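Residue strings, one per chain:
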Amino acid sequence: MPKGYIIGHITVRDPEAYKEYVERDTPILQGYGGRFIVRGGASEAPEGPVKDRHVVIEFPTFEDAKRAFYSPEYQEVAEIRRRTSDSDIMLVEGV
């Protein structure tokens, strides 16, 4: 069965307030089987515009990724991200 991924591209506007999002989202997403593959770190964009920060979270299945993202507890915490950053979030099925 294909794995599922939450992929985020983020530019943080309020780094101090964003820390709360990182602290709170991690245990929620891990509770749904999520494993952080990429979280921040150096990056390059040889083509096209891109945000500053990149996150890839792997889940056992695409359904697990969707359950995690749409869960009420994650959506509550996601409001912090929405207030403190500009973000593009994708749910992806992959290998």
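Here, the structure is the one placed above.
Since this is a predicted model, take the numbers as computed values, not measurements.

Engineer: Looking at this structure, how should I read the overall build of the chain?
Structural biologist: Along its length, the chain carries 3 helices and 4 strands. Tracing the chain from N to C terminus, the helices and strands come up as β-α-β-β-α-α-β. Computed over the C-alpha atoms, the radius of gyration of the chain is 13 Å, within 12% of the 12 Å expected from 2.2 N^0.38 for a compact globule of 95 residues. With the principal axes as the frame, the chain shows a C-alpha extent of 35 × 30 × 15 Å. Expressed as a percentage of the 95 residues in the chain, the buried residues total 35%. Intrachain contacts of the chain at a sequence separation of at least 6 include 74% that bridge at least 24 residues. As displayed, the chain has an accessible area near 5,700 Å², and 53% of this comes from carbon and sulfur atoms. Each charge sign in the chain was given a centre, from 13 positive and 17 negative side chains, and these centres are 2 Å apart.

Engineer: Quick question: what am I supposed to make of the side chain of Thr61 here?
Structural biologist: Here Thr61 lies in the loop between β3 (53–59) and α2 (62–70). For Thr61, a relative accessible area of 14% translates into the label buried. Polar contacts involving the side chain of Thr61 include one to the main-chain amide nitrogen of Asp64, which spans 3.0 Å. Excluding anything up to four places from it in sequence, Thr61 contacts Met1, Pro2, Lys3, Gly4 and Arg67.

Engineer: Looking at this model, I keep getting lost on the side chain of Ser85. Mind explaining?
Structural biologist: The topology assignment puts Ser85 in strand β4 (residues 85–94). Those residues within four positions of Ser85 in sequence are excluded, and the remaining contacts are Ile10, Thr11, Val12, Arg13 and Tyr18.

Engineer: Looking at this structure, I do not really get the packing of aromatic side chains. What am I missing?
Structural biologist: Two measures describe an aromatic ring pair: the distance that separates the ring centres and the angle between the ring planes. One pass over the structure, following the stated rule, counts 4 aromatic pairs. Seen in terms of ring centroids, Tyr21 and Tyr74 are 6.4 Å apart; in terms of plane orientation they differ by 65 degrees. Their pairing is edge-to-face. Separated by 53 residues along the polypeptide, Tyr21 in helix α1 (residues 15–31) and Tyr74 in helix α3 (residues 72–84) bring together distant segments of the chain. For the pair Phe69 and Tyr70, a centre-to-centre distance of 5.1 Å together with 85 degrees between the ring planes defines the contact as edge-to-face. Residue classification places Phe69 among the buried residues on the basis of a relative accessible area of 12%. On the accessibility criterion, Tyr70 (54% relative accessible area) is exposed. Within the aromatic cluster, the residues linked to one another by ring pairs are Tyr18, Tyr21, Phe69, Tyr70 and Tyr74.

Engineer: Mind showing me how you'd approach empty space enclosed by the protein here?
Structural biologist: Using a probe with the size of a water molecule, rolled over the atoms, empty space left in the structure can be pinpointed. Counted under the stated rule, the structure contains 1 cavity of 30 Å³ or more. Taken as a whole, the largest cavity encloses approximately 110 Å³ of empty space. Lining the largest cavity are 16 residues; nearest its centre among them are Tyr21, Asp25, Val55, Ile57 and Tyr74. Elements with a contribution of two residues or more to the lining of the largest cavity: β1 (3–12), α1, β2 (35–39), β3 and α3. By residue number, the principal contributor to the lining of the largest cavity is α1, which donates 5 residues. Among the residues forming the lining of the largest cavity, the class breakdown is 11 nonpolar, 1 polar and 4 charged.

Thresholds applied
- Residues numbered from 1 in each chain as written.
- Predicted model: local features only at pLDDT ≥ 70, side-chain atom pairs only at ≥ 80, totals over all residues.
- Heavy atoms only, no water.
- Helix = DSSP H or I, 4+ residues; strand = E, 2+ residues; numbered from the N terminus.
- Rg over C-alpha atoms; globule rule 2.2 N^0.38 Å.
- Buried < 20%, exposed > 50% of the residue type's maximum accessible area, 1.4 Å probe, protein only.
- Contact = heavy atoms within 4.5 Å.
- Areas by Shrake-Rupley, 256 points an atom, 1.4 Å probe, with all protein chains shown as cover.
- Lys, Arg positive; Asp, Glu negative; His and termini not counted.
- Charge placed at Lys NZ, Arg CZ, Asp CG, Glu CD.
- Polar contact = N/O pair within 3.5 Å; in protein donor to acceptor, adjacent residues only side chain to side chain.
- Phe/Tyr/Trp six-rings, centres within 6.5 Å; stacked < 30°, edge-to-face > 60°.
- 1 Å grid on protein atoms, 1.4 Å probe; cavity = no way out; pocket = protein on both sides within 12 Å on 5 of 7 lines; lining within 4 Å.
- Points joined across faces, edges and corners; volume = space filled by probe spheres on them.
- Nonpolar A, V, L, I, M, F, W, Y, C, P; charged D, E, K, R; others polar.

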